[in-house]
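# Working through the structure, step by step
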Amino acid sequence: MLLFLLLCLLTAGFFIEIFQKHILRVKDPDIHELWAELESEEWFQELNDIPETKKWIELDKQNGLLKDPYYVRKIIDQNGHREGYIRYILDKTK
């Protein structure tokens, strides 16, 4: 019974994703444009000026939090996410 419900949810999610991408033409945001917008932020420039944090930021762009376009958008738009990311990077450099 639970397996059937799981399969139904997965199938519904699959069809919703197909509907969004092919019928509504919803596209994922371009990560390079978001990185450019993030790099223009003053707080990010200050964080990027520190050599230790710059290394971690580059690693995050390759395999970490900054690889996800939705998370990058949240960092840019929402103060709480921004402060959390700053704290995360500063803790990594300690």
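Structure: above.
Notes on the structure follow. Here the residue index of a chain counts from 1 through its sequence in written order. Per-residue local features of the predicted model are confined to residues with pLDDT of at least 70, and side-chain atom pairs are confined, for both listing and counting, to 80 or more; whole-chain, interface and lining totals are unaffected and use all residues. Side-chain descriptors were evaluated using all non-hydrogen atoms of the structure, hydrogens and water having been removed beforehand.

### Brief notes about helix H1 (residues 2-23)
- Per the convention used, a helix needs a DSSP run of H or I reaching at least four residues, while a strand needs a run of E reaching at least two, with both numbered from the N terminus. By definition here, a helix of n residues has an expected span of 1.5 Å times n minus one. When the terminal C-alpha atoms of H1 are compared, their 31 Å separation across 22 residues agrees well with the 32 Å that a helix rising 1.5 Å per residue should span.
- Positive phi shows up at Arg 25, right after H1, with a value of about 60 degrees.

### Some words on the packing of aromatic side chains
- Pairing of aromatic rings covers Phe, Tyr and the six-membered ring of Trp, with a centre-to-centre limit of 6.5 Å; geometry is then stacked below 30 degrees between planes, edge-to-face above 60, and tilted otherwise. Counted under the stated rule, the structure contains four aromatic pairs.
- Centre to centre, the rings of Tyr 71 and Tyr 85 are 6.4 Å apart; their planes meet at 65 degrees, and the pair counts as edge-to-face. Residue Tyr 71 is found in helix H5 (residues 69-77), and its partner Tyr 85 is found in helix H6 (residues 79-92); the two are separated by 14 residues along the sequence. Like Tyr 85, Tyr 71 is buried. For every residue, the accessible area (1.4 Å probe, protein chains only) is compared with the maximum for its type, and the residue is labelled buried under 20%, exposed over 50%, or partly exposed between those bounds.

### Regarding helix H2 (residues 31-39)
- Inspection of H2 places Ile 31, Leu 34, Trp 35 and Leu 38 among the buried residues, and these make up the whole buried set. Taken down its axis, H2 places every buried residue within 100 degrees of arc, on the same side. In H2, those exposed residues whose orientation departs by more than 90 degrees from the buried face are His 32 and Glu 33. The arc in question is formed by the directions pointing from the helix axis toward the C-beta atoms.

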